[in-house]
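# Reading the structure
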Amino acid sequence: MTTTRTTLRDLVRIPGGGRYALSATVEAATSGMLRPFIVIYAVLIGLSAGQAGMTLTVGMLAGLGAVPLAGWWIDRGARRAPAVAALLVRAVGSLLLALVPGIAGFAIGAVLIGVGTQIAPPTNSALVAALAGPARRAAALAAGRSLRNAGLGAGALLGTVLVAGGPEVLRWLALATALGCAFGAAVIARVPLPRQDPALARTAGTKNARGGGLRTVTILALAGIPYASYADILEIALPLLLVQGLHASLAWPSGIFVANTVMVIALQLVVVVRLAKWPHRTVLFWSGLLLAASYLAFWLGGATGGSPGTVLVAMAIVPYTLGEILYTGSSVPLVIESAPPHLMGRALARWQLSYGLARAVDPVIITGLLSLGAAALWLPLAAATLLGAATVRLGTRRHRVHESMSHAVADGGSPAVDGHLTKSLRMSPGRPASTVVAATTSVGPGHKLSGHPGRGRPGRRTGTRPPAF
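One pass over the structure, following the stated rule, counts seven aromatic pairs. Summarising the aromatic geometry, the rings of Phe-298 and Tyr-320 are spaced 6.2 Å apart at their centres and angled 50 degrees between planes, so their arrangement reads as tilted. Of this pair, Phe-298 sits in helix 13 (residues 280–304) while Tyr-320 sits in helix 15 (residues 317–338), and the two are 22 residues apart along the sequence. Here Phe-298 falls in the buried class, since its relative accessible area comes to 0%. Look at Tyr-320 and you get buried, because its relative accessible area is 0%. Feature note: the residues Tyr-227, Tyr-230, Tyr-327 and Trp-351 constitute an aromatic cluster, connected by ring pairs. One cation-aromatic arrangement involves Arg-393 over Phe-285; the distance from NZ or CZ to the ring centre is 5.3 Å.

Written as structure tokens, this is what we have:
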């Protein structure tokens, strides 16, 4: 848990953080130019809308198959290379869209884009975690997301302006996306990584951490499946609710989308830093409550109908956006801290599999349930999200003691040492490893530590009893 008030400026000041920020901004801005128009581009080159959607879905499913490989690669110690590979795969896919304007080029390009898109979140999270360190991890991840959101929004606006000149511009947007991803990969490849002590990886809990840590992540991944629907609610469910259910103009879903984007960009980093003193599990729990409440408000707005219902749906976007911010700000840091360091890649991959699978099936589920009626979608979705929140709150609580012991061992401490001591040592990245060992080995059961490693309270025995594992 961090209390460091990291800002975008602090992200840039982290060694390697400036290059990462540049890469993320350029890649997001160029990707945002094509992303809203990729289905339109597919239709222009001869595919039907259904064929385009199916091709993109196949690409995303293929990407899910590559996620475990990315996690294994990260666990082998790689940090830069997986992030570079994700960008290069997307660059090649976008280049095929631009240079091979046919069905075959679109199909292969969509698969490559899907692979790069699915493996990007765990690889980027692992890279940022390595750059920022535990003390600034959550805020650095939030800063990176803010940059990406801003880049995607600016790119989408620029793409909208350029497309007004004619549909042939779409090929140039695909080429710009390829160049942006290639530029981002080149920048990431030169990001300096901090040194890692080989002994640290060897002392990471092996037998207990291997089972307990990933079991906790599995519970989180299953609980997070209903959470993952939040993005498709904004992009699919709300437009259908407003336009077809409430007969509102297209300006309403467009305005809500813009309002959501602006609030996320403006508030995400501030909220994440302000809530840094809260456990990530608690923040994720409250995220589920806010999202579930917003879904119930959407249902009430649809049931009310007319202008009052439309206004209620628009107002409910505020708790929805806050729930989104809490979810994106706490979920990945919670997954990282719940797994042993040497299994972080597999933990992130497991989380991405649940998230990516939910995003892949959501369009079919959302449209199918809405065709049955508003209550068929919003009430089960709210209930599932509440169940996920309860699982986050209660289902992983029994693993807390095990997690703290495992991570104390991974950080060079002893689970027999008082938790406050372990935390204080972990919060001091400049402290030499020998000092940490001296501090942990000089305290036995029933002993207290003064302010200095290796020195006990006056009048008490201060032997060098080894830590109790």
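Next, the rest of the story.
Residue position: Ser-294 is located in helix 13. Residue classification places Ser-294 among the buried positions, given a relative accessible area of 0%. Here Leu-291 takes part through its backbone oxygen, which lies 2.6 Å from a polar atom of the side chain of Ser-294. Ser-294 has contacts with Ala-316, Pro-319 and Tyr-320, leaving out every residue within four places of it along the chain.

With respect to the helices and strands, Tyr-230 occurs in helix 11 (residues 230–245). Residue classification places Tyr-230 among the buried residues on the basis of a relative accessible area of 9%. Along the backbone, Tyr-230 and Ala-292 are 62 residues apart, and their C-alpha atoms lie at a distance of 10.0 Å. The contact partners of Tyr-230, leaving out residues within four places of it in the chain, are Leu-291, Tyr-295, Tyr-320, Glu-324, Tyr-327, Thr-328 and Tyr-355.

The subject of this paragraph is the environment of Gly-63. Topologically, Gly-63 is positioned in helix 4 (residues 49–75). On the basis of relative accessible area, Gly-63 is assigned to the buried category, the value being 0%. In this structure, the C-alpha to C-alpha distance between Gly-63 and Leu-112, residues 49 residues apart in sequence, is 7.9 Å. Setting aside its immediate chain neighbours within four residues, Gly-63 contacts Gly-114, Val-115, Gln-118 and Ile-119.

What follows is about the pattern of salt bridges. One side chain can pair with another of opposite charge once the charged atoms of both are near each other. Taken as a whole and assessed by the stated rule, the structure comprises three salt bridges. Here Glu-27 ties to Arg-148 by a salt bridge, and the two come within 2.4 Å at their closest N and O atoms. Linking Glu-27 in helix 2 (residues 17–34) with Arg-148 in helix 7 (residues 137–163), this pair joins segments that are 121 residues apart in sequence. A salt bridge links Arg-346 to Asp-75; its shortest N-O distance comes to 2.7 Å.

A word on the side chain of Ser-287. When you line up the elements, Ser-287 lands in helix 13. In terms of polar contacts, Ser-287 uses its side chain to reach the backbone amide nitrogen of Tyr-327, at 3.3 Å. Residue contacts for Ser-287: discarding those within four places in its chain leaves Tyr-227, Gly-323, Leu-326 and Tyr-327.

Between its terminal C-alpha atoms helix 4 stretches 40 Å, which fits the 39 Å expected from 27 residues at 1.5 Å a residue. The sharpest bend along helix 4 measures roughly 30 degrees and falls at Ala-66, with the proline Pro-68 sitting one to four residues further on. The set of residues buried in helix 4 consists of Ala-52, Thr-55, Gly-59, Gly-63, Leu-64, Ala-66, Val-67, Ala-70, Gly-71, Ile-74 and Asp-75. Buried residues along helix 4 sit against helix 3 (38–44), helix 5 (80–99), helix 6 (103–132) and helix 16 (344–372). In the stretch just after helix 4, Gly-77 is the one whose phi turns positive, near 105 degrees.

This paragraph deals with the nonpolar core. Formed by 79 residues in total, the largest nonpolar core has its most connected members in Ile-233, Leu-238, Tyr-295, Phe-298, Tyr-320 and Trp-378. Tallying contributions element by element places helix 11 first for this core, with nine residues. Ignoring anything within four residues of it in the chain, the contact list for Ile-233 reads Leu-238, Pro-239, Tyr-295, Phe-298, Tyr-320, Ile-366, Trp-378 and Leu-381. Residues Ala-52, Leu-97, Phe-106 and Ala-174 belong to the second largest nonpolar core, which totals 16 residues.

At a minimum axis distance of 8 Å, the contact between helix 2 and helix 8 (residues 169–188) shows a crossing angle of 165 degrees. With respect to helix 8, the axis of helix 2 lies roughly antiparallel. Crossing angle aside, the handedness with which helix 2 passes helix 8 is left-handed. Here Arg-19, Tyr-20, Leu-22, Ser-23, Val-26, Glu-27, Thr-30, Ser-31, Met-33 and Leu-34 of helix 2 lie close against helix 8, whose contacting residues are Leu-170, Leu-173, Ala-174, Ala-176, Thr-177, Gly-180, Cys-181, Phe-183, Gly-184, Val-187 and Ile-188. Residues that form the contact of helix 2 with helix 8 fall into these classes: 13 nonpolar, six polar and two charged.

Turning our eyes to something else, we now look at a nonpolar patch on the surface. A cluster of nonpolar side chains, contributed by Leu-95, Leu-99 and Val-100, occupies part of the molecular surface with about 250 Å² of accessible area. Along the chain, the position of Leu-99 falls in helix 5.

Packing of helix 11 against helix 15 brings their axes to within 10 Å, and their N-to-C directions diverge by 150 degrees. The segment helix 11 lies against helix 15, with Tyr-230, Ala-231, Ile-233, Leu-234 and Leu-238 engaging Ile-317, Tyr-320, Glu-324, Tyr-327 and Thr-328. The residue inventory of the contact of helix 11 with helix 15, partitioned by class, reads eight nonpolar, one polar and one charged.

Positioned with a positive phi, His-247 is a non-glycine residue whose angle comes to about 55 degrees. Examined against the element boundaries, His-247 turns out to sit in the loop between helix 11 and helix 12 (251–274).

Looking now at the confidence of the model for the chain. Detailed reading of predicted coordinates is not advised where the pLDDT is low. Overall, the predicted model of the chain reaches an average pLDDT of 77, with 78% of residues at or above 70. For the chain, helix 19 (residues 419–426) is the element with the lowest average pLDDT, namely 36, and helix 13 is the one with the highest, namely 94. Predicted confidence for residues 1–6 stays below pLDDT 50, and this span has 24 contacts to residues more than four positions away or in other chains. Low confidence marks residues 401–469, where pLDDT is under 50. Its contacts with residues over four positions away, or in another chain, come to 78 contacts.

So, how was this worked out
For every chain, the first residue of the written sequence is number 1, and numbering continues from 1 along that sequence. Given that the model is predicted, a residue must reach a pLDDT of at least 70 before its local features are reported, and side-chain atom pairs must reach 80 or more before they are shown or counted; all residues, however, enter totals for whole chains, interfaces and linings. With hydrogens and water set aside, each side-chain value is computed from the structure's full complement of heavy atoms. The pairing test for Phe, Tyr and Trp rings, Trp by its six-membered ring, is centres within 6.5 Å, and the orientation test on the planes gives stacked under 30 degrees, edge-to-face over 60, and tilted for anything in between. Secondary structure elements are taken from DSSP: a helix is a run of H or I of four residues or more, a strand is a run of E of two residues or more, and numbering for both begins at the N terminus. Partly exposed residues are those whose accessible area sits between 20% and 50% of the maximum for their type, while under 20% is buried and over 50% is exposed, using a 1.4 Å probe and protein chains only. Geometrically, a charge over a ring is one whose NZ (Lys) or CZ (Arg) sits within 6 Å of the ring centre while staying within 35 degrees of the ring normal. Pairs of N or O atoms within 3.5 Å make up the polar contacts considered here, provided that, within protein, one atom can donate a hydrogen while the other can accept it, and that residues adjacent in sequence are counted only when both atoms are side-chain atoms. For this analysis, residues touch if any pair of their heavy atoms sits within 4.5 Å. Only one rule defines a salt bridge in this text: a Lys or Arg side-chain nitrogen within 4 Å of an Asp or Glu carboxyl oxygen. A helix is expected to span 1.5 Å for every residue after the first. The seven residues ending at a residue and the seven starting there each receive a fitted axis; the angle between those axes is the bend at that residue. Joining through side-chain atoms within 4.5 Å is the link that ties buried Ala, Val, Leu, Ile, Met, Phe, Trp, Tyr and Cys residues into a set, and such a set is a nonpolar core. To get an axis, fit a line to the C-alpha atoms, keeping to the stretch in contact for a helix; angles then go from 0 to 180 degrees between the N-to-C directions. Reported orientations rely on four angle classes, namely roughly parallel under 35 degrees, roughly antiparallel over 145, roughly perpendicular from 65 to 115, and oblique for the rest. A crossing counts as left-handed when the near helix is turned anticlockwise from the far one by less than a right angle, and as right-handed when that turn is clockwise. For this classification, the nonpolar set comprises Ala, Val, Leu, Ile, Met, Phe, Trp, Tyr, Cys and Pro, the charged set comprises Asp, Glu, Lys and Arg, and every other residue, Gly included, is treated as polar. Like-charged residues are merged into a patch within 9 Å and nonpolar side chains (Val, Leu, Ile, Met, Phe, Trp, Tyr) within 5 Å, provided each residue has over 30% relative accessible area and no salt bridge. A 1.4 Å probe and the Shrake-Rupley method give the accessible areas. Residues count as covered only by the protein chains that appear here. Confidence scores here are pLDDT values: one per residue, from the predictor, ranging 0 to 100.

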